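Report on the structure
This is what each chain is made of:
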Amino acid sequence: MKNSKELEFENLYIAHKDKIFRLCLGFVKDRELAHDLFQEILIKIWRHLDSFRSDSDISTWVYRIAYNTAITFSAKEMKKPAQADLPIGMDLAEPENNSHEQELQLQKLYNAINALPETDRVIATLLLENTPYKTIAAVTGISENYVAVKVNRIKISLTQLLNPNGK
């Protein structure tokens, strides 16, 4: 029988796993490192779940942990995930299965996102998840209006990175 923390964690995992994994891909180039970062984020969410105070939406809290962990992880270029005892019996299946062509296109996109400055990477990744500007502002610590400005600049940068010859 699972306790309430395990159930809440499992629900968070199910609701956010794909978004978190795509955020990871936006921070590290290597898929294996993205998996390590993904695990690191899950561990931090598990460890700090009891400290969530409902001051903000839980998805904002999850993204903030993911963002801060990704920054630390990519800065240190850690090769091993942290160790922790996650709930036993939980199916931690790999997020999303895409076709080979989709994988190539996604990798191209995430390589371009990875070339962006740190905050822009997070904004781009959250934007791909249709995250509201208000949540992006809360996660990144910038104003909602500045998020809109950054989004326009990011779109221009990504267009240039993905189509260097203007095609």
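Description of the structure in this document. (Residues numbered from 1 in each chain as written. Predicted model: local features only at pLDDT ≥ 70, side-chain atom pairs only at ≥ 80, totals over all residues. Heavy atoms only, no water.)

Along helix α5 (residues 118-128), the residues classified as buried are Asp120, Arg121, Val122, Ile123, Ala124, Thr125 and Leu126. Asn130 lies just past α5 and shows a positive phi near 60°. (Buried < 20%, exposed > 50% of the residue type's maximum accessible area, 1.4 Å probe, protein only. Helix = DSSP H or I, 4+ residues; strand = E, 2+ residues; numbered from the N terminus.)

Relative to the assigned elements, Tyr110 resides in helix α4 (residues 100-114). Each C-alpha atom, one on Tyr110 and one on Leu23, is 9.2 Å from the other, the two residues being 87 residues apart in sequence. Once you skip the residues sitting within four places of it in the chain, Tyr110 turns out to touch Arg22, Leu25, Gly26 and Leu128. (Contact = heavy atoms within 4.5 Å.)

Time to look at the pattern of salt bridges. Per the stated rule, a full pass over the model turns up three salt bridges. The salt bridge partner of Lys5 is Asp50, with a shortest N-O separation of 3.4 Å. With Lys5 in helix α1 (residues 4-27) and Asp50 in the loop between α2 (31-48) and α3 (58-76), the pair connects residues that are 45 residues apart, well separated along the chain. For the salt bridge of Asp120 with Lys150, the shortest nitrogen-to-oxygen distance reads 2.7 Å. (Salt bridge = Lys/Arg side-chain N within 4 Å of Asp/Glu carboxyl O.)

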